[in-house]
Amino acid sequence: ETEMTSEILSAINILTQPLGAAEASAQTSQQEALHAALGANRSVLLEQLRSDGSLQRAARLRDEAKGEADWYGGETDDVTWSFVQECLLLLLALTRHLTEELKLFQEAPPPSGSLRTPEMAPPLPPDVLSVSQQKTVGAALQFVVSLGVCPYLSAGVGVPLGRRSAFGAVVEKLIQRETSPPAGRRLLTTTRVLLQVAELATLATMVFSRHLGDVMAALCQLGYEPHREDRRMQPLSTEECRWCKEALRNLLGKVYQPIVVKELLVLQGGPKQSGPAGSSRAALGSAPAWLRRLCGQLLSERLMQPSGVQAVVRAVLEGGTGAPAGGDSDWRKCDAVARILAACPQQSASADGYFRLVCPQILDLLHFRDKLTAQQFQRVATRAALSMVQERPAFAQQYLLAPLLAPLHRCITASDRPDVQMVTKVTEEHLHVAVEELDLTRCVEDVYKIWVVGNSPSPTLLAALQDVLPVIFTLFCFTKQSVSHLRAPCQEILLWFLKLSETSAALSLLRQLSGLRERRNDVAAAFHFTAGGDGGVSVTQSFCCYRSDEDEELYKKLSGEQWRLECLVQLLAQLTDSDLAGDFFLDLLQELTGWAAALDEELKDEEEVDVAAMTLLEVEQQLLGGAERRAEKLTLLQALAVMVESLEQEQLLRKTSQVVDFMVSLLQRACVGLDGAPGVGNPVESQTLSMGMGLVATLLSAPQISAQDYSCMSKLLRPLEALSQQHPDVVVQELASNLRAVIATHGACRPESLADAARCRGNPGETTENSKAKSEGRSQQTPAGRFPQRPSPPSSSGDPDPSNKPLSDWLLEACDPDVPTRAVALRVVTRMVQRRHPEAVQAQQKVLTLFLENLEHEDSFVYLSAIQGLAVLADSYPGQILERLLQDFQRGPSLPSSKQERSLETRLKVGEVLMRASRAMGELAPHLGRPLLSVFLQGTRDPDQSVRASSLSNLGELCQRLDYSLGPLAQELSSCLTALIKTEREAEVRRATVHVIAQLLRGLSDKTTQVLSDVLLDLYRALKLVVRSDPDPAAVLHAQLALEELDHVMRRFVFPEQKLEKKIVVLP
């Protein structure tokens, strides 16, 4: 039977073989050569079918097909149509033969088990053709389409044959449309035969993979073209038109939909072009109106069927081949497809029905996992969703945003009872999964893609997102406590809303998230987030009936509120280019000022309440109201405290207007209670007020102040006037009056005592008598330290200029009992040492003694300034200073005035100085670090655990910078560290020991295998011992980090990075 297939294909090959070179050269033109070749090949085929015995069976099958073909017209004068008829007969014969053979193959019993082996390939079906046979059949199909379909299509239907190739232009001139049968009958005959051939799957692939567009164009013309009075186009009967329409519907239903959409778009054509007559765009023309309407209707049907959106997207973006045309998607194509999806077609019965079908498919485009197509599909889905929200907000809200946000909305309202299907699970575990992990993950990712990646804020999108932001924030707080891939998208969503929404909406949301306003649309009390198995989060609903401990519940509530505040402040810290953090801070301060003003009235009201005349319900309401107000105040103070502790000052007050608003709140709080009894109030409040007014004086001392800044500062005039008249402190009164004069006159009037009063603002302990004496004597004499009328701008560090006073004065002020004065003097002396001031160089020992004395001060502001000064001194004169510091670190403070009971604390402070000095050594560490190394190693054997931990911390900082000079000491260092790991009882010291190893590996990096080659195995075993057996989790964490660092080092050593380098070797 295989021979029969070969005979038929041989006959087809005879019919389609090219013309010989000698015969072609005898012709005068390509048209004549093609005409002669078609006639000659047909004659040769008929002759061989009659005379050649090897083609007898093929001739018999041809005759059978010819007898059943009612369309066969016999001999005609048109050579091309006669050639097409022979091709159709042979294709029908091949189709009938392969169909019968395939049926027998399917009905045949499988071979017996004794003849089959596991490695034996399955038998090949008879309809499988070889590559050469497929080429022969493809040539016949090409002739049929080129000679029997394309020439008879109307103008504008399909791609013109002459625009495809030079051969097509020759064929167009060769066709005789006036001869019988008419062109319409020829087109119908060819199309019917091609569809009959395509009933066999093997041949259908060859027909539709190359000629689908032409077959679709023919069916559209035969079934839908309006009737024309043309004698060449014999009209078809109603039954024939109905058959063509039905065949078109069946064809569109069984072919891969993206290819169908692509071909329909090609058939629909583009708009009418108005270009030059010779241009290619003008020559293409456009499709007829009836064809454009038909293609639009068919495209709409494809779009609204299941997976129709995906088919349209694939057709446009991927060319209908099922794979992306390029690496990166063309954003113009994506936008075009998005506009198509967002526009309701005219053929749709209703817009509501269209969006109901299309919107779920658009959401499905967001969930592709294939990296090749996910980016394109997500871009199309995002643009389509944004277009729908902008153009059809009502439908987008109902069919797009509501289903998308449904998992988040389910977290807001808890059901009273679980689902019926979950009753068994609930009774056993008391938990009901309200939102699955996959659903919540998809929801958050979809919100991120549409809102954040789309980045097209609109009122509809912002309003829809604002309703679920409390749930997203609660989810973000949960993910911050563990590892989850949802943390980053939640954070980006929250930041996107805070950046792009109106300031009032953002502040309202911040107040709600911080607990200052009643929580709305937050996670229901019965719902709890639970870590999922794939790194996501699921929502469970608890139906437990027992009551837990009230103290435990209170602790959970308070710790949860604190954690939410910390997470909220971390979000605000990410808004580095926004004024929102400062605006929220000022909003809270303004509310605090209002509460401070109403405090006296509340106290009076509570005193005037007559409990005896009230009912129990009224008393309960009175008490609950007071408790609620106090809880709100505590929440406000907690929010302010967390913001001040966690956010930088530059972020809280970024602009001059924010600084002014801050000062308005500060001054207004200072004005509260001025009407009461005169006298000096809280010294902390007085010092805060003085420092705040000094801040205003600093703003006014700028070299250039704009009119807008003065206009903004006008808010300070009223509180400054109240302070200048009512404050009990004379210095504050005068400073407030001077500041008010400068602001009111826009700098025209600048009192000389302004800068002097600002300098004196840091002395809250000054008595009223001294203040009065200064105010009385200020009009008669001029202080020596008075600033000029227009003071120069302050230095970048904010400290006074050292050039105004000699070193001796600063040394005296460094012994002042007033803490701010002493700290400022220490910082000035530090700057003089850093700049190598001549007086500081000469008085090096005095400066050293001064810093060591202040090192024992109790106030952190003072001893931290002393630590900074000693570090600068050690960096400038390491030879003399480091030796003294090392002695004090080993044996305790050596000054006669030192207190022995504070010896340990002073040694730890000296250790901090040595650590800062080690960091500042840089490349000099191998030269200057040897004495430090020996002292630190000895310090690891100190009786006090704090000194041992400090020595190890300093040892790590130093070893991180020694590089190759650490080699001779590697054995001693390794022995010390491994012994401490094995024998040390204090967890704090073990942590420091493991941290030294981590710092050592991090500092040496790629040099580790060279410097620590002899001790690397011992260090590795010590780290593994900590991981396996150490009870302290912090030490285990440090050990794991050190092992990861060691792993990176060894990976780079074993698998070095491949570099393409050219090396020139000089041969001897």
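Not measured: the values here are computed from a predicted model. (Residues numbered from 1 in each chain as written. Predicted model: local features only at pLDDT ≥ 70, side-chain atom pairs only at ≥ 80, totals over all residues. Heavy atoms only, no water.)

Participant: Tell me about the overall build of the chain, and please be specific about residues and values.
Facilitator: Looking only at helices and strands, the chain features 49 helices and three strands. Out of the 1068 residues belonging to the chain, those deemed buried represent 45%. Considering only residue pairs separated by 6 or more positions, the chain has 75% of its internal contacts joining residues 24 or more positions apart. For the chain, the accessible surface area stands at approximately 56,000 Å², while carbon and sulfur atoms represent 52% of it. (Helix = DSSP H or I, 4+ residues; strand = E, 2+ residues; numbered from the N terminus. Buried < 20%, exposed > 50% of the residue type's maximum accessible area, 1.4 Å probe, protein only. Contact = heavy atoms within 4.5 Å. Areas by Shrake-Rupley, 256 points an atom, 1.4 Å probe, with all protein chains shown as cover.)

Participant: Quick one: what's the story with helix α15 (residues 331-342), residue by residue and with numbers?
Facilitator: Given a rise of 1.5 Å per residue, twelve residues ought to cover 16 Å, and the 16 Å separating the end C-alpha atoms of α15 matches this to within 8%. Contacts from the buried residues of α15 go to α13 (289-304), α14 (308-317), α16 (351-364) and α17 (371-391). (Expected span 1.5 Å × (residues − 1).)

Participant: Describe in detail the UniProt feature "domain: RNA polymerase II assembly factor Rtp1 C-terminal" (unreviewed entry) in the chain, supporting the description with residues and values.
Facilitator: Within the UniProt annotation, "domain: RNA polymerase II assembly factor Rtp1 C-terminal" (unreviewed entry) is assigned to residues 808-924 and 1015-1048. Spanning residues 1015-1048, this segment combines 88% helix with 0% strand, and its end C-alpha atoms are found 18 Å apart. (UniProt positions renumbered as here; feature names shortened; annotations may be inferred.)

Participant: Can you break down the nonpolar core residue by residue, with the values?
Facilitator: Core analysis: the largest hydrophobic core is formed by 220 residues, its most contacted members being Trp451 and Leu465. Once you skip the residues sitting within four places of it in the chain, Trp451 turns out to touch Leu401, Leu404, Leu405, Ser456, Leu461, Leu462, Ala464, Leu465 and Trp496. If you look at the next biggest cluster of nonpolar residues, it comprises 79 residues, including Val833, Leu885, Leu977 and Ala992. (Core = buried A, V, L, I, M, F, W, Y, C linked by side-chain atoms within 4.5 Å.)

Participant: If you had to explain unusual backbone geometry to someone new, which residues and values would you point to?
Facilitator: Leaving glycine out, the prevailing phi sign among residues is negative, and the prevailing peptide bond configuration is trans. Look at Ser307: it is not a glycine, yet its phi comes out positive at around 60°. Here Ser307 is to be found in the loop between α13 and α14. The exposure class assigned to Ser307 is partly exposed, which follows from its relative accessible area of 49%.

Participant: Give me the pairing of strand β3 (residues 537-542): which residues, what numbers.
Facilitator: Among the six residues in β3, five count as buried, and that is most of the element. Relative to β3, strand β2 (residues 527-531) is paired through five bridges, and the arrangement is antiparallel. Bridge pairing in β3 links Phe529 to Val539. Taking the residues that link successive antiparallel strands as the turn, the β2-β3 hairpin has five residues, and the phi of Gly535 there is positive, at about 85°. (Pairing = 2+ DSSP bridges.)

Participant: Provide a residue-level description of the pattern of salt bridges, including the pertinent values.
Facilitator: Evaluated as defined, the whole model comprises 23 salt bridges. Note that Arg62 is salt-bridged to Glu86, the shortest N-O span being 2.8 Å. Here Arg62, found in helix α4 (residues 56-68), pairs with Glu86, found in helix α5 (residues 79-107); they are 24 residues apart in sequence, far enough to count as distant. Accessibility expressed as a relative area gives 6% for Arg62, which makes it buried. Residue Glu86 is classed as buried on the basis of its relative accessible area of 0%. Residues Asp335 and Arg383 are paired through a salt bridge, measuring 3.5 Å at the closest nitrogen-oxygen approach. You can see Asp335 sitting in helix α15 and its partner Arg383 sitting in helix α17, a full 48 residues away along the chain. By sharing partners, the salt bridges in this structure join Arg42, Arg62, Asp63 and Glu86 into a single network. (Salt bridge = Lys/Arg side-chain N within 4 Å of Asp/Glu carboxyl O.)

Participant: Provide a residue-level description of the packing of aromatic side chains, including the pertinent values.
Facilitator: For any pair of aromatic rings, the description consists of the separation of the ring centres together with the inter-plane angle of the planes. Scanning all chains against the criterion turns up eight aromatic pairs. Taken together through their ring pairs, the aromatic side chains of Tyr354, Phe355, Phe395 and Tyr399 make up a single cluster. A cation over a ring is seen here: Arg192 above Trp243, with NZ or CZ 4.8 Å from the ring centre. One cation-aromatic arrangement involves Lys909 over Tyr863; the distance from NZ or CZ to the ring centre is 4.0 Å. (Phe/Tyr/Trp six-rings, centres within 6.5 Å; stacked < 30°, edge-to-face > 60°. Lys NZ or Arg CZ within 6 Å of the ring centre and 35° of its normal.)

Participant: Which residues make up helix α25 (residues 550-574), and what are the values?
Facilitator: A rise of 1.5 Å per residue sets the reference length of α25, with its 25 residues, at 36 Å; its end C-alpha atoms lie 36 Å apart and thus fit the reference within 8%. Residues Arg564, Leu565, Cys567, Leu568, Val569, Leu571 and Leu572 constitute the buried set of α25.

Participant: I'd love a proper account of the environment of Thr373, names of residues and values included.
Facilitator: Relative to the helices and strands, Thr373 resides in helix α17. Taking the C-alpha atoms as reference points, Thr373 and Arg314, 59 residues apart in sequence, are found 9.0 Å from one another.

Participant: Before we move on, could you go through the confidence of the model for the chain and cite the residues and values that matter?
Facilitator: Summarising the model, the chain shows a mean pLDDT of 77, and 81% of its residues fall at 70 or more. Within the model, pLDDT remains below 50 along residues 21-26, and this stretch shows one contact once partners closer than five positions in the same chain are excluded. (pLDDT = per-residue confidence, 0-100.)

Participant: Report on the state of the cysteines, specifying residues and quantitative values.
Facilitator: Throughout this description, disulfide means a covalent bond between two cysteine sulfur atoms. If you walk through the whole model with that rule in mind, you get zero disulfides. The thiol of Cys567 is unpaired, and the distance to the nearest cysteine sulfur, on Cys477, comes to 3.9 Å. Just so you know, Cys976 is unpaired, no disulfide at all, and the nearest cysteine sulfur is the one on Cys959, 9.8 Å from it. (Disulfide = S-S within 2.5 Å.)

Participant: Please provide a residue-by-residue account of the side chain of Thr993, values included.
Facilitator: Along the polypeptide, Thr993 turns up in helix α46 (residues 987-1004). At 2.8 Å, the side chain of Thr993 forms a polar contact with the backbone oxygen of Val989. Apart from the residues lying within four places of it in its own chain, the contact partners of Thr993 are Leu952, Leu977, Leu980 and Ile981. (Polar contact = N/O pair within 3.5 Å; in protein donor to acceptor, adjacent residues only side chain to side chain.)

Participant: Which residues make up the environment of Ala40, and what values go with them?
Facilitator: Along the chain, Ala40 turns up in helix α3 (residues 30-51). Assessed through its relative accessible area of 29%, Ala40 is described here as partly exposed.

Participant: Could you give an account of a nonpolar patch on the surface, naming the residues involved and the relevant values?
Facilitator: Together, Phe1053, Val1054 and Phe1055 line one region of the surface with nonpolar side chains, adding up to about 350 Å² of accessible area. Its location among the elements puts Phe1053 in helix α49 (residues 1033-1054). For Phe1053, a relative accessible area of 53% translates into the label exposed. (Patch = residues over 30% accessible without salt bridge, like charges linked within 9 Å, V, L, I, M, F, W, Y side chains within 5 Å.)

Participant: Got a sec to walk through the packing of α14 against α15? Specific residues and values, please.
Facilitator: The geometry of α14 relative to α15 is characterised by a closest axis approach of 10 Å and an angle of 150° between their N-to-C directions. Classified by the interaxial angle, the pair formed by α14 and α15 is roughly antiparallel. Here α14 and α15 pass one another in a crossing that is right-handed. Across the interface between the two elements, Val309, Val313, Val316 and Leu317 of α14 pack against Lys333, Cys334, Val337 and Leu341 of α15. The residue makeup of the contact of α14 with α15, split by class, is seven nonpolar, no polar and one charged. (Axes fitted to C-alpha atoms, helices over the stretch in contact; angles between N-to-C directions. Parallel < 35°, antiparallel > 145°, perpendicular 65-115°, else oblique. Left-handed = near helix turned anticlockwise from the far one by under 90°. Nonpolar A, V, L, I, M, F, W, Y, C, P; charged D, E, K, R; others polar.)

Participant: Tell me about the environment of Val989, and please be specific about residues and values.
Facilitator: Turning to its location among the elements, Val989 is positioned in helix α46. Filtering out sequence-adjacent residues up to four positions away, Val989 remains in contact with Gln945, Arg948, Ala949, Leu952 and Glu984.

Participant: Tell me what's going on with the packing of helix α40 (residues 860-876) against helix α42 (residues 903-921), and back it up with residues and numbers.
Facilitator: For any two helices packed against each other, one specifies the inter-axial angle together with the distance between the axes. As a packed pair, α40 and α42 sit with axes 9 Å apart at the nearest point and diverge in direction by 40°. Looking at the two axes, α40 sits oblique to α42. Considering only the axes of α40 and α42, their crossing is right-handed. Between α40 and α42, the contacting residues are Tyr863, Ile867, Gln868, Leu870, Ala871, Ala874 and Asp875 on the first element and Lys909, Glu912, Val913, Arg916, Ala917 and Ala920 on the second. Each residue belonging to the contact of α40 with α42 can be placed in one class, and the counts come to eight nonpolar, one polar and four charged.

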